Each structure stands twice: as structure tokens, then as C-alpha cells.
Amino acid sequence: MINNFDILIIGGGHAGAEAAWISSQFDLKIALISSPNASLASAPCNPAIGGVGKGQVVREIDALGGLMGILADKAGIQFRTLNESKGFAVQSTRVQVDKDLYTKNAEALLGQLDNLTIIRKMVLNVAKDDDTFFVTTVDNNKYIAKKIIVTTGTFLNGKLHTGEDQKAGGRVDCEKSVGLNDLFQDIKTLPNRFKTGTPPRLDKKTIDYSKMDPQDSDPETRNFHALNAPFTRESTQVSCYLTKTNAQTLSIIRSNKDRSPIFNGQIKGVGPRYCPSIEDKAFRYTEKDVHHIFIEPEGLNLETIYPNGVSTSLPKDVQESFVQTILGLESAKILIHGYAVEYDVVDTSQLSKAMEYNSIPGLYFAGQVCGTSGYEEAAGQGIIAGINASFALMNREPLVLDRTDSYIGVMIEDLVTNKRDEPYRLFTARSENRLYVREDNTISRMRKYRRELGLFTRLDLFQEDFLEEVELLKKLVDSTMIYSNEETKKYFIVHNYGPLDINISFKELLKRPENSPVVVLDRETKRFGVCFSIDVVRTVAISVKYEGYIDRAIIESEKINRLGKKKLNWESLVESKNISFECKLRIKTIKPETFAQLQRIEGIRPATLAYVAGNII
Ligand SMILES: Cc1cc2nc3c(=O)[nH]c(=O)nc-3n(C[C@H](O)[C@H](O)[C@H](O)COP(=O)(O)OP(=O)(O)OC[C@H]3O[C@@H](n4cnc5c(N)ncnc54)[C@H](O)[C@@H]3O)c2cc1C
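Residues numbered from 1 in each chain as written. Predicted model: local features only at pLDDT ≥ 70, side-chain atom pairs only at ≥ 80, totals over all residues.

**Notes on unusual backbone geometry**
In most cases, non-glycine residues show a negative phi, while peptide bonds are predominantly trans. Even without being a glycine, A41 presents a positive backbone phi close to 50 degrees. For A41, the location among the structural elements is in the loop between β2 (30–34) and β3 (48–50). The backbone phi angle of D130 is positive, close to 50 degrees, even though this residue is not glycine. Here D130 lies in the loop between β7 (123–129) and β8 (132–137). (Helix = DSSP H or I, 4+ residues; strand = E, 2+ residues; numbered from the N terminus.)

Structural data, given as C-alpha cells:
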């Protein structure tokens, strides 16, 4: 029967697309049901993939066999490496994408999968009887599935706000979905709804780019997908531009506080702390009038520009006035006004690390419906939910990623061990092990998980070859000594390698602070005629550079785990000068009595934990 599936995925955003893509790699019958009004894997907010902490997630998804890296490379119109001046551990790739191309490619790649049926309808209800799920769509059609993955994003009971205007919807021009409890009874939602927002979209012809700083695409930034040559580009590259707000901009915003839905009580949902609206910034940082705005094209042939940094739900007339105070935007015309959306969120403390709802086996959740914000976080959960729903059908143990070796593991553990009180986004400080969880060593970290999928494709062959080369180069590096003599001393001077008064190991040379380990290893392998790809060189060089720190971090995190049972006096913590204001607020709310409770509080940084572990208990 055509309406009978192994896995049925509700919602075709980034989480749903990823779940559908990976589960279709197995010999299973998959359906993806998504609204007819939103294209698959579309970008309702800024059309960019990656960023700090998130670039790592895109590479992890890619190493597991996911879709996001492939799509981002295809549609990438500006590539950048963020934090380039900082350590390798916090460097991340960010790709501005053509949002039209991105979604068209997603539809094409998913559309060609023989065992995936794409259905464009709204789902009204899901019910379970024994081991079978029954899904009803708006046209009263029924679909049957053994497993369900819910990835409905911001649509559940969605409500849009622009100033006084309010209407039901999941995003602009899209209908809302029913609420989570109408969709499926007995699901625990969070008491607070969440909210997110987006800036107005500007007409690209009305912007004076000559007044702004261009941000060109960086030819040295690597593609995301491992099988793509690192520096080839599939789309035309363009620049983004940088401008900023000023006193006049902020004065207009501040004088309209009573018309702001987030300050006049109209919006009750909690917004993302790390992606605040411009009105949040205006009232949180009252002494500050200058905030950066990145002027980002939404696509090569699209008319709209995304002004990154001025997300707002202020009334339309206020948006028009404040936008035109900004340098280069004096004549800017708004094509789509900014807005905020409030939506239902599932209580992720009810999920297992496989993303399965504990009390309803076979029901999985992933993406923004789980209280995260961001495409990468959604896709990271989507691939894990897709793998685990498939594994359950094949009677295999769930695939659980460890937080010590992946950002996806960090995110999922944070989600399932905490009750969310605000939208969750990933950043590098969420990982205790961030010196190890880097972009350059993704294949080394993720290969063991990809092997568990039991697939053998070109990607697997590539990963196995890559790791073989890494091992070979590591052995070479480990066993090489540099002998101090006149010739090598001169060579060291020419390349600024530092002194060579005694014999040193090659590793020592790579670890010297004055040397870039990648440049040195690349030069020296070439000098001796041993040919390794630059990505193998990077993985080995950076791993050697950090090995001492990583060993120490592992000892530190083992110590933190042992300390879990120790008692705490939370009142003394909120008096401490060494704990941030944000952490103190959270400690005051939760009042942890043990170190383990402190560890589990959302937003308590590893630095705070390390301080408490080392100095208080
Ligand atoms: C206004 C706005 C502003 C945002 N701002 C930010 C930001 O500043 N920073 C940031 O990181 N992220 C932001 N995001 C979030 C980002 O868009 C999401 O994190 C990401 O798209 C989530 O992916 P997802 O797959 O979970 O859900 P979505 O991309 O929302 O996809 C959900 C899909 O499910 C479908 N669907 C929903 N209900 C049903 C149903 N009942 N039946 C059938 N189909 C259904 C929808 O049509 C949609 O295709 C914003 C989103 C919006 C809407």
C-alpha cells in the first residue's frame, strides 16, 4: 500500500531534510511530509551556513554522510574563516549561500531518491496504536508509519509579530501548524514558548555600498564537503559589506519602547540570548550606540539584502525610520519587514540521546521544535534522529555521539539533560574539549561513528584513505629528529624556525610558539619529497601543536566528572568575583546543592566549572 512507510518525517526544514537524506541511505521506505508553502531546507533567517562552533557541526554532519555541507558548497557565494587570528580550535568556516539555489538543490537531491516519497501537505494529527503511527493530513488522507520524526521548527502554534500586527504563522507567508498537543497528545511542552526574530529585507538597488567596508570571499577557506576539492567554488563569489548603527538609530529605537512587542508584553516567548534583536541590544547596552551590521545578499539573482544585526519586531514605520539612519542605507527601501515568531517547544528532558521520546517509543524529535536556534543545530539533530529511527528498524543499538569528541554530542547531551528556559545555540565554549573538537580533525573524530552506519560509499573510501595518510604522517613526525649542525642552523635562520643549539625532535619544532605548525609541516614534507594533501598536513600539524593541552583538558574533565557528588554552597558562589554575572543569575535561580547539579545548569560555562572545581570544593 502506497501510504505505508517505515519512517515518516514531518517537516522539511534543515532537520527534516537531513533526517530524510540519511534514512534513505538504508533499505527503508521513507516519507517526508512538509507544508506546500515552504520550500525544503529553506532559510527563513540569514542565508549563511556555519559560523563559530556551527562550522564544526556542518563538517560533523558531512562526515556522517549528511547533506548540509554538499548544499552549502553548491550554493556558497561568499566563504570566510571566522576567528582566523585566534587559535585553530576556535576557527570556523562560514558560508554565505544563495538561498534560492540552496533550497533548489535540496529539492533536487532529495527528489532523486527512489525510496523517499515527498508529500507537500500540512499534517493535522499523529496517533499511535500498538507499534504503528497514524498520520492525518489536512485533506484527511491517512499515512501509516513504524517510526515518526517530528521536525516542525517554528510552526507549532506559530504567531508572528510586527509592532501591533499579530497573525498566526510559522514564518512570513507561511501558515501556522496546529499546536504540539493537538498534533500529538501526551507530549510535554515547555511552559514558556520560545521566540525568534528576523530583520527587514532591503532592496539591493537602494543601498550605497560605497560607504561601507567590503568583506570579500576568502579563496583560502575550505569547502565543507570532504569529497569536494578544498578551494573550488561552484557559484559566482560576491562580497558582503559592513556598516553600523549610530546614536540616531538607537535613539529612534529607544523612543519607541512602548510600541515594541518584546517590551510592551505582547510577546511572552523567550528569545535567543546570543542572537538578540536590535531593540534588545538598545535596552541591554544603554551606553552603546554602535552595533555592527553585515549587509548580506540573499542570492545572486534575488533582490533582497539581509542586514545581519538588526533583527526586529518593531512596527513597520519605526523599522523604516531607523534603517534610513544607517550609513549607506539612507535611501534603503524595505521589501519585507522584520518580525518575530513565537512557537511551542518540546521538553527535551523527555528525549533520549537517540532523540527518541522516552515514553512513546518510535517517536523522534529534531530541530528548532527541540528549543534550539540555527540551521546547523537543526541539521545535526536531524541526522541523528534519522540514523536512530533507521537503526531501531534494523534492531541495531542507537548511535550516540559523545560530547568529548563532537559538537553534535555536546548539543544533544545539553538538550536531553536540561530543561530549556531559552533557545539553545552552539558555540565553542559549550565544549569542555574544544581544543580537540576542531574542524581540521573532523574525519579523525567522526570516522568511528560513520563506520557504525555500515555503509560503504565513496565517502567511506575517502575517509579510510585520509586516516591512513594521517597515521603515516604522524609516524613520520613522531620518529623524526633534527640534528644541530651548521647547515640545519642556517636553514632554521632562513625560515625563522628559532634557535637550534641542540638536537630537537621534529614535534618540538612544530610546537614552537613562533611557528605556524601547518606552514612548517607543509614545507618540510615537500622539501623531503613526501607528498600529503594539505588537509592531512593540517590535521597532523594542529594535533601535534595541541597535544599537551588536550591531554591536560582530558585530565581536567575526568576530574570534573569525579567531583560531581561534592556538596556546594551556592550562596557563596553568587558572591564570587570570578563567576560571570550571567552564570550567577542562573545559579541564583536553580540553587544547586552539588557540583553535578551546577554542571547541568544551562549556560554554566566550562570556565566557571573549572574555577569552582579548582578553588571552591
Ligand atoms: C523569523 C525567524 C527568525 C530566525 N532567526 C534565527 C536567528 O536569528 N538565528 C538562528 O540561528 N536561527 C534563526 N532562525 C531559525 C532557523 O530558521 C531555524 O533554526 C531552522 O530553520 C530550524 O530548522 P528546522 O528544520 O528545525 O525547522 P524549519 O526550518 O522551521 O522547518 C520546519 C518545516 O516543517 C514544516 N512543518 C511545520 N509544521 C508542519 C505540519 N504540521 N505539517 C507539515 N509540515 C510542517 C514547515 O513547513 C517547515 O518546512 C529563525 C527562524 C525564523 C522563522
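**A few points about the sheet that holds strand β11 (residues 165–168)**
Strand pairing in a sheet takes place through backbone hydrogen bonds and is either antiparallel or parallel in direction. The antiparallel open sheet is built from four strands, whose spatial order is β11-β10-β19-β12. The strands lining the two open edges of the sheet, one partner per strand, are β11 and β12 (194–198). For this sheet, the mean angle separating the axes of adjacent strands, direction not counted, is 20 degrees. The pairing of strand β10 (residues 159–162) with β11 spans four bridges and is classified as antiparallel. (Pairing = 2+ DSSP bridges. Axes fitted to C-alpha atoms, helices over the stretch in contact; angles between N-to-C directions.)

**Notes on the site of the ligand**
In the vicinity of the ligand there are 35 residues, among which G11, G13, S35, G153 and G367 approach most closely. At the level of secondary structure, the elements contributing two or more residues to the shell around the ligand comprise α1 (14–23), β2, β12 and α9 (375–393). For the shell around the ligand, a count of residues per class yields 13 nonpolar, 21 polar and one charged. Both of domain 1 (4–194 + 344–452) and domain 2 (201–342) provide at least three residues apiece to the shell around the ligand. (Near = placed C-beta within 6 Å. Nonpolar A, V, L, I, M, F, W, Y, C, P; charged D, E, K, R; others polar. Domains from an automatic or database assignment.)

**What about the sheet that holds strand β14 (residues 213–215)?**
The antiparallel open sheet is built from six strands, whose spatial order is β14-β15-β16-β17-β13-β18. Looking at which strands have only one partner, the edges of the open sheet turn out to be β14 and β18 (334–336). Recorded for the sheet is a direction-independent mean angle of 40 degrees between the axes of neighbouring strands. In the sheet, strand β13 (residues 201–203) pairs with β18 via two bridges, with the strands oriented antiparallel. When the sheet's bridge partners are listed, R201 is paired in β18 with I336.

**A few points about the pairing of β7**
Of the pairings in the sheet, the one linking β7 to β8 comprises six bridges and is antiparallel in character. Directly across from V126, in β8, lies its bridge partner V135. A loop of two residues connects β7 with β8, the two strands running antiparallel in sequence, and D130 in this loop sits at a positive phi of about 50 degrees.

**Description of the environment of H495**
Mapping H495 onto the fold places it in the loop between α13 (486–494) and β22 (504–505). When the 13 C-beta atoms within 10 Å are taken as the criterion, H495 is described as partly exposed. Counting along the chain gives 26 residues from H495 to E469, while the straight-line C-alpha distance between them is 26 Å. (Buried ≥ 20, exposed ≤ 12 C-beta atoms within 10 Å, placed from the backbone.)

**Describing the domain arrangement of the protein chain**
Considered domain by domain, the protein chain is made up of domain 1 (4–194 + 344–452), domain 2 (201–342), domain 3 (458–553) and domain 4 (564–615). Spacing between the C-alpha centres of domain 1 and domain 4 amounts to 31 Å. With six residues of domain 1 at the interface, the matching set in domain 4 holds four residues. (Contact = placed C-beta atoms within 7 Å.)

**Concerning the environment of N503**
As for its placement among the helices and strands, N503 is situated in the loop between α13 and β22. C-beta crowding within 10 Å serves as the criterion here: with 12 such atoms nearby, N503 is assigned to the exposed category. Residues N503 and N485 lie 18 residues apart in sequence; the distance between their C-alpha atoms is 8.7 Å.

**A closer look at the nonpolar core**
With 117 residues, the main nonpolar core has L8, I148, I149, F365 and A366 as its most contacted residues. Once residues within four sequence positions are removed from consideration, L8 is found in contact with A31, I33, F133, V135, Y143, A145 and I148. Counting residues in each nonpolar core, the second largest holds 21 residues, with A282, Y306, F322 and A332 among its members. (Core = buried A, V, L, I, M, F, W, Y, C linked by C-beta atoms within 7 Å.)

**Quick notes on the packing of α9 against helix α10 (residues 407–416)**
Remark: α9 packs on α10, axes separated minimally by 10 Å, with the N-to-C direction vectors making an angle of 85 degrees. Classified by the angle their axes make, α9 and α10 are roughly perpendicular. Here E377, G380, Q381 and I384 of α9 lie close against α10, whose contacting residues are I408, M411 and I412. Each residue belonging to the contact of α9 with α10 can be placed in one class, and the counts come to four nonpolar, two polar and one charged. (Parallel < 35°, antiparallel > 145°, perpendicular 65-115°, else oblique.)

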